[in-house]
Amino acid sequence: MFAGRALRLVTLLVALVLFSWLLMSRSPIDPVQAYVGADMNLVSQEQRQQIEEYWGLNDPLPTRMARWFSAIMHGDFGTSMIYRRPVLDVIRERFAASLLLMMTAWALSGAIGMLLGLLAGARSGGMLDRGVRWYCFVIASTPAFWLAILVLMVFAVWLGWAPVGLAVPIGVEASRVSLFSRLHHLILPALTLSMLGVANITLFTRQKVVEALNSEYALFARAKGESERSIVLRHVPRNVALPAVTLLFASFSELFGGSVLVETVFTYPGLGQATVQSALRGDVPLLLGTVIFGALFVFAGNLLADAVYLLIDPRIRELRRVETRELSYEHAE
Amino acid sequence: MTGTDGSRMWRWAAALAPLLLFALLASLFAGCGGKGASTGGGEKRDELVVALGGEREEGYDPTTGWGRYGSPLFQSTLLARDDDLEIVNDLARAYEISEDGLTYTVRIRDDVKFSDGRPLTAEDVVYTYETAAKSGSVVDLNVLEKVVAEDDRTVVFTLKEPMTTFVNLLITMGIVPKHAHGDDYAYNPIGSGPYKMVQWDRGQQMIVEANPLYYGKKPYFKRITFLFLEEDAAFAAARAGEVDMAVVPHTLAANSVPGMRLLRVPSVDNRGICFPCVPAGSSDEEGNPVGNDVTGDMAIRKAVNMAVDRKALVEGVLKGFGSPAYTICDNLPWWNPETVVKDADLEGAKKVLEEGGWKDADGDGIVEKGALKASFTLIYPSSDQTRQSLAMAAADMAKKVGIEMKVEGKSWDDIERLMHSNAVLFGWGSHTPMEMYNVYHGKFRGEGWYNANYYHNPGVDAYMDRALAAGSEEESLEHWKKAQWDGETGLSARGDAPWAWLVNLDHCYFVNEKLDTGKNRIEPHGHGWPITANIVDWRWKD
């Protein structure tokens, strides 16, 4: 089972990288031009050639690809053109910041989403349900960066409750930054990101709750004389949890996408910021690095979802045991 | 399952609970966070927080291109420009250029120390230039044959060919210490500049502190924090009172921010129309078409130059935050003021067209010359709204004299293919006449973004060649001016009119009312960092 997983991951990564190379080769962005930027009239043709040579951009694409692959095999992700640093260093530094933001947002959206979904589903058609659904539809159709700017204007500028951006206080040395103020800077971006995530989870959970309440076991429970409250609390959550958890872990990819925009607005120094820069400025090593990393991240999300199934669903645990037993029989034969 | 039990109020409260919780938490936090700058109110301060954008991701190493605009901050340069853009000594005590213009001999001060206490010697200068030449970066040192230290205090640069604009490299290249220039230099720069780095939170902010060993004028502000915010975030930070200075696009400049004034700095950040100057029919090495029969006619180019109302463009498109542009280098030392043409001169434009053989024979409002209609495409980069508005407004103005410019937005990559055969709305502007040389010299026809319109006038080329070989920048000025207009011909609108320059943008900043930024220089293309050029003169008003 794990061998199969690993194989799938490897083939996925190879396909992804090949596809990325293909896209980059078709991309109209000239990396030298992107690197030179506004100085394009002060950099001579000779200097452009020197830049190409320095970064190995004048070799044909297959050569560059081969060079990149062989370096990767040795664990060398290359040097980022825009940061002039090893790609892995950039990713490590950026990911630490992103991870905190994404996990906070993820936990918030998961908890709030399931709670709202449960409440709305339990009283579907009511005022609360209509309010929640209205909220979800509005949020789901709101562009992330616009929502981020709105949150920024309201909470940071008008109300002044939270800082306008960054992950640390302005002008304060790292040694003097308290955990408290780090959290303070995390609030707005995490709130924005979780607001985006809540919509999906809520609508999905609500749907499952409605289904559960119309199921035969709910009818049976009612027939036994159980109160509505007891059904909602005792029967529904367990049945709704599994699909909701799948969705929650599958939302890693959306989380990753959303963080790109949110980080840009809030000047939050995460991986999203770096990804956008690398794509816009033709920094192939960094872009490929983030692509691989992003894929691993999403893959890890799905893997975690499977692991959590085992924890919360006895049926899957049982299935797994049977499968393993059968598998070992086959091997024995 | 409509709700009949439980109160509705309660359910609403449940929905609002997360929001309320957040509000409560946030207000708790608000009391303790590092509140930014402007809360200081009236009293004197020696710390600043500014949002000028433009983080340098690859770090603050001059040998890979840091410090070519604004203040090099951590390092210092051999020469510098003063507020009037005249060349003055900095690290150099004196410099001389040989008769043939090939050798620059620079004598440096002997009292300069790097911020780590070690002295700065000629060796460091040589090391800096040699490293930069090999760095594969935007620092272009191809003209440099060699650089040697004659003794501890004397550096001799030898060029492959005379080039008066080489002096700009002496002005912009910060000197790095040979003994401390390792792999992580760009993140922990050590130099002889007015400030030293305290901390750089990448992607967020940089904190700097006055360098006590700095040999020049002591800066007033002891500590400055640079925030690397996007335009929207910088504006929000200004509104929230967290910064003393924020860069602002002219589209937002009309807003007012309490406690802040609007600072408008003139620039040579210009926008103009580049006309293909040769007839259609040929193509470049990559097979892109070259030339345009309509704009290849000088009468058309001159007529557009006369017909546009630059003041109206400044008022209408830039909301007043700009000035009319007549050349690529307005108001810089090498600019020729005689190049200013009369604006919105419809009669003059019509006359030029008539003399050129263009008239509206079929009465459709567009002039013709034989079978050729005075109609061509004007391309702007579709990502830039200001350029779009300028292109559309200029097209309306040209229409009044019977010239049709069809306005189209394209990506930069399309523009690269189309720019030899269509008019394009470009922008340049730099603190070196090298730019004029690159854009107008015949030898760069079709070479990359340089002379994109294939302009060629041997007389103009000769003036510019003479300017490069003149000996010093001062002596070269006269030749640069003559290249623009010598009384008979030139590269400006009075001469061959290969371009129609339209406007120079003003660079706008919101600045704390109490902050005095001294005399700001005309800024080059690039809005933000250049304002730091005179950062040591900034002070708090009493």
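Our subject is the structure listed above.
Figured I'd write up the structure that's included with this text. This one's a predicted model, so the numbers in the text were calculated from it and none came from an experiment.

**A look at helix 13 (residues 271–280) of chain A**
- Along helix 13 of chain A, the residues classified as buried are L271, G272, Q273, A274, T275 and S278 of chain A.
- Residue G282 of chain A follows helix 13 of chain A closely and has a positive phi angle near 65°.

**A word on helix 7 (residues 346–355) of chain B**
All names here are of chain B.
- Taken residue by residue, helix 7 has G348, A349, V352 and L353 as its buried positions. In a view along the axis of helix 7, the buried residues occupy a sector of 135°, so they form one face of it. Exposed residues on helix 7 whose side chains face more than 90 degrees from its buried face are E347, K351, E354 and E355.
- In the stretch just after helix 7, G357 is the one whose phi turns positive, near 90°.

**Remarks on the packing of aromatic side chains**
- Here the structure, examined in full by the defined rule, presents 35 aromatic pairs over all chains.
- Ring centres 6.0 Å apart and planes at 70° place the aromatic pair W21 of chain A and W68 of chain A in the edge-to-face group. Here W21 of chain A is found in helix 1 (residues 2–26), whereas its partner W68 of chain A is found in helix 4 (residues 61–73), with 47 residues between them in sequence. Side by side, W21 of chain A and W68 of chain A carry an identical accessibility label, which is buried.
- Measuring from ring centre to ring centre gives 4.9 Å for F252 of chain A and F297 of chain A, while their planes differ by 20°; the resulting arrangement is stacked. Residue F252 of chain A is found in helix 12 (residues 252–265), and its partner F297 of chain A is found in helix 14 (residues 284–312); the two are separated by 45 residues along the sequence.
- For F252 of chain A, a relative accessible area of 5% gives the class buried.
- Owing to a relative accessible area of 8%, F297 of chain A belongs among the buried residues under this scheme.
- An aromatic cluster of at least three residues, connected via ring pairs, comprises F95, W106, F249, F252, F256, F293 and F297 of chain A.
- A cation sits over an aromatic face here: R85 of chain A above Y187 of chain B, 5.0 Å from the ring centre.

**Examining the environment of A180 of chain B**
Residue and element names in this part refer to chain B.
- Within the element layout of this structure, A180 appears in the loop between helix 3 (167–172) and strand 8 (195–201).
- Taking relative accessible area as the criterion, A180 reaches 22% and is therefore assigned partly exposed.
- Taking the C-alpha atoms as reference, A180 lies 41 Å from R466; in sequence the two are 286 residues apart.

**Observations concerning the packing of helix 7 (residues 144–158) of chain A against helix 4 (residues 231–239) of chain B**
- For the pair helix 7 of chain A and helix 4 of chain B, interaxial distance at closest approach is 9 Å and the crossing angle is 20°. What the angle tells us is that helix 7 of chain A and helix 4 of chain B run roughly parallel. Relative to helix 4 of chain B, the crossing made by helix 7 of chain A is right-handed. Across from I149, L152, M153, V157 and W158 of chain A in helix 7 of chain A, the residues of helix 4 of chain B making contact are D232, A236 and R239 of chain B.

**Overview of the pattern of salt bridges**
Residues and elements named next belong to chain B.
- Applying the stated criterion across every chain, the model contains 29 salt bridges over all chains.
- A salt bridge links D244 to R45, with the shortest nitrogen-to-oxygen separation between them at 2.8 Å. With D244 in the loop between helix 4 and strand 11 (245–248) and R45 in the loop between helix 1 (8–30) and strand 1 (47–51), the pair connects residues that are 199 residues apart, well separated along the chain.
- Two residues, R109 and D111, come together in a salt bridge whose shortest N-O distance is 3.1 Å.

**Quick notes on the sheet that holds strand 22 (residues 499–505) of chain B**
Residues and elements named next belong to chain B.
- Reading across from one edge, 16-22-13-21-19-20 is the order of the six strands in this open sheet, with mixed pairing throughout. Every interior strand has two partners, whereas the edge strands, strand 16 (322–324) and strand 20 (404–410), have only one. Within this sheet the neighbouring strands show an average axis-to-axis angle of 20°, counted without direction.
- Examined bridge by bridge, strand 19 (residues 375–381) and strand 20 share seven bridges and lie parallel to one another. Considered in strand 20, the bridge of I379 is made with E408.
- The strands touched by helix 5 (residues 298–307) are strand 19, strand 20 and strand 22; relative to strand 22, the strand with the most contacts, the crossing angle is about 25°.
- Contacts between helix 8 (residues 385–399) and the sheet are confined to strand 13 (270–274), strand 19, strand 20, strand 21 (423–426) and strand 22, with strand 20 contributing the most and set at about 170° to the helix.

**Some thoughts on the sheet that holds strand 7 (residues 154–159) of chain B**
Residue and element names in this part refer to chain B.
- As summarised here, the arrangement of the four strands in space is 4-5-7-6, forming an open sheet in which the pairing is antiparallel. If you trace the sheet from one side to the other, it starts and ends with strand 4 (92–97) and strand 6 (144–151), each paired once. Direction aside, neighbouring strands of the sheet carry axes that sit 15° apart on average.

**Regarding a nonpolar patch on the surface**
All names here are of chain A.
- A cluster of nonpolar residues, F145, W146, L150 and L261, forms a patch on the protein surface that exposes about 380 Å² of accessible area.
- Of the residues forming the nonpolar patch, the biggest block, three residues, is contributed by helix 7.
- Mapping F145 onto the fold places it in helix 7.
- Residue classification places F145 among the partly exposed residues on the basis of a relative accessible area of 42%.

**Examining the side chain of T165 of chain B**
- Considering the arrangement of structural elements, one finds T165 of chain B in the loop between strand 7 and helix 3.
- Look past the residues within four positions of T165 of chain B in its chain and what remains in contact with it is T432, P433, M434, L468 and W480 of chain B.

**Examining the interface of chain A and chain B**
- Tallying the contact residues gives 70 residues for chain A and 67 residues for chain B.
- At the boundary of chain A with chain B, total buried surface from both sides reaches about 6200 Å², with 60% on carbon and sulfur atoms.
- Applying the counting criterion to the chain A and chain B interface returns three salt bridges.
- The shortest N-O distance in the salt bridge between E173 of chain A and R223 of chain B comes to 3.1 Å.
- The tally of links between chain A and chain B comes to twelve residue pairs in polar contact (both at pLDDT 80 or more).
- In the side of chain A that touches chain B, the residues fall into 43 nonpolar, 15 polar and twelve charged.

**A word on the nonpolar core**
- Within the largest apolar cluster, 91 residues are counted, with the highest numbers of intra-cluster contacts made by V151, V164, L193 and F266 of chain A together with L227, L229 and V243 of chain B.
- For this core, the element with the most residues is helix 5 (residues 87–122) of chain A, which contributes eleven residues.

**Structural notes on the pairing of strand 9 (residues 205–210) of chain B**
All names here are of chain B.
- The buried count for strand 9 comes to five of six residues, which makes it a mostly enclosed element.
- Hairpin remark: strand 8 followed by strand 9, antiparallel, with three residues in the connecting loop; positive phi at G203, about 80°.
- Bridging between strand 9 and strand 10 (residues 223–227) involves five bridges; their strand directions are antiparallel. In the strand pairing of strand 10, I207 is matched with T225.

Analysis parameters
Residues numbered from 1 in each chain as written. Chains lettered and ligands numbered in written order. Predicted model: local features only at pLDDT ≥ 70, side-chain atom pairs only at ≥ 80, totals over all residues. Heavy atoms only, no water. Buried < 20%, exposed > 50% of the residue type's maximum accessible area, 1.4 Å probe, protein only. Helix = DSSP H or I, 4+ residues; strand = E, 2+ residues; numbered from the N terminus. Arc of directions from axis to C-beta. Phe/Tyr/Trp six-rings, centres within 6.5 Å; stacked < 30°, edge-to-face > 60°. Lys NZ or Arg CZ within 6 Å of the ring centre and 35° of its normal. Axes fitted to C-alpha atoms, helices over the stretch in contact; angles between N-to-C directions. Parallel < 35°, antiparallel > 145°, perpendicular 65-115°, else oblique. Left-handed = near helix turned anticlockwise from the far one by under 90°. Contact = heavy atoms within 4.5 Å. Salt bridge = Lys/Arg side-chain N within 4 Å of Asp/Glu carboxyl O. Pairing = 2+ DSSP bridges. Patch = residues over 30% accessible without salt bridge, like charges linked within 9 Å, V, L, I, M, F, W, Y side chains within 5 Å. Areas by Shrake-Rupley, 256 points an atom, 1.4 Å probe, with all protein chains shown as cover. Buried area = accessible area lost by both parts, 1.4 Å probe. Polar contact = N/O pair within 3.5 Å; in protein donor to acceptor, adjacent residues only side chain to side chain. Nonpolar A, V, L, I, M, F, W, Y, C, P; charged D, E, K, R; others polar. Core = buried A, V, L, I, M, F, W, Y, C linked by side-chain atoms within 4.5 Å.

These values are about where atoms sit, not about what they do.
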